[in-house]
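# Topology and contacts: notes
Residues per chain, in single letters:
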Amino acid sequence: QVQLVESGGGLVQPGGSLRLSCAASGSIFGINAMGWYRRAPGKQRELVAVIPSGGVTNYADSVKGRFTISRDNAKNTVYLQMNSLKPEDTAVYYCNADIRSWTHMMGYNYWGQGTQVTVSS
């Protein structure tokens, strides 16, 4: 059973920083792309950042220059370093990963449970 477990959300003041982590566990052969999405109140879920297994990372325009996505393949973990946070970054952040396993040899899209990030003074 593959699962994604997120951590690192919380309450932070505008201009502050947070670091989100998402660890994949289970019978994993390999992980293709990993990414972060978010859903703000009253809005649709949107892509924040994605990092492929090899290649160039991609960011939403709203977070470019402030957020950095990275991954540790040995730990099957993806991170999101968020700096210069703004109130409009308030949302539930979801981890996403395309994971190859015994039951999905070519890959399957898994989601974490979500972690709340609130930016407020």
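Just above, that's the structure.
Residues numbered from 1 in each chain as written. Predicted model: local features only at pLDDT ≥ 70, side-chain atom pairs only at ≥ 80, totals over all residues. Heavy atoms only, no water.

Another point: the state of the cysteines. In this structure the tally under the stated criterion is one disulfide. With a sulfur-sulfur separation of 2.1 Å, Cys-22 is cross-linked through a disulfide to Cys-95. Between Cys-22 and Cys-95, the S-S dihedral sits near -80°, and the bridge is therefore left-handed. Of this pair, Cys-22 sits in strand β3 (residues 18-25) while Cys-95 sits in strand β9 (residues 91-101), placing them 73 residues apart in sequence. (Disulfide = S-S within 2.5 Å. Helix = DSSP H or I, 4+ residues; strand = E, 2+ residues; numbered from the N terminus.)

Enumeration according to the criterion identifies four salt bridges in this entry. Across the pair Arg-38 and Glu-46 runs a salt bridge whose closest N-O atoms are separated by 2.7 Å. Under the relative-accessibility criterion, Arg-38 is labelled buried at 6%. Note on Glu-46: relative accessible area 34%, which makes it partly exposed. A salt bridge links Arg-38 to Asp-89; the shortest N-O distance between them is 3.0 Å. On the criterion of sequence distance, the pair formed by Arg-38 in strand β4 (residues 28-39) and Asp-89 in the loop between β8 (77-82) and β9 is long-range, its members being 51 residues apart. Each member of the salt-bridge network shares a partner with another, and the members are Arg-38, Glu-46, Arg-66 and Asp-89. (Salt bridge = Lys/Arg side-chain N within 4 Å of Asp/Glu carboxyl O. Buried < 20%, exposed > 50% of the residue type's maximum accessible area, 1.4 Å probe, protein only.)

All told, the structure shown has three aromatic pairs when counted by the stated rule. A ring pair is formed by Tyr-37 and Trp-111, whose centres lie 5.0 Å apart and whose planes are at 65°; its orientation type is edge-to-face. With Tyr-37 in strand β4 and Trp-111 in strand β10 (residues 108-111), this pair connects stretches of sequence that are 74 residues apart. Judged by relative accessible area, Tyr-37 falls into the partly exposed class, the value being 23%. By relative accessible area, which is 32% here, Trp-111 ends up partly exposed. Plain terms: the ring middles of Tyr-108 and Tyr-110 are 4.9 Å apart, the flat faces sit at 70° to each other, and that makes the pair edge-to-face. On the basis of relative accessible area, Tyr-108 is assigned to the partly exposed category, the value being 41%. The ring of Tyr-79 is capped by Arg-19, whose NZ or CZ atom sits 4.1 Å from the centre of that ring. (Phe/Tyr/Trp six-rings, centres within 6.5 Å; stacked < 30°, edge-to-face > 60°. Lys NZ or Arg CZ within 6 Å of the ring centre and 35° of its normal.)

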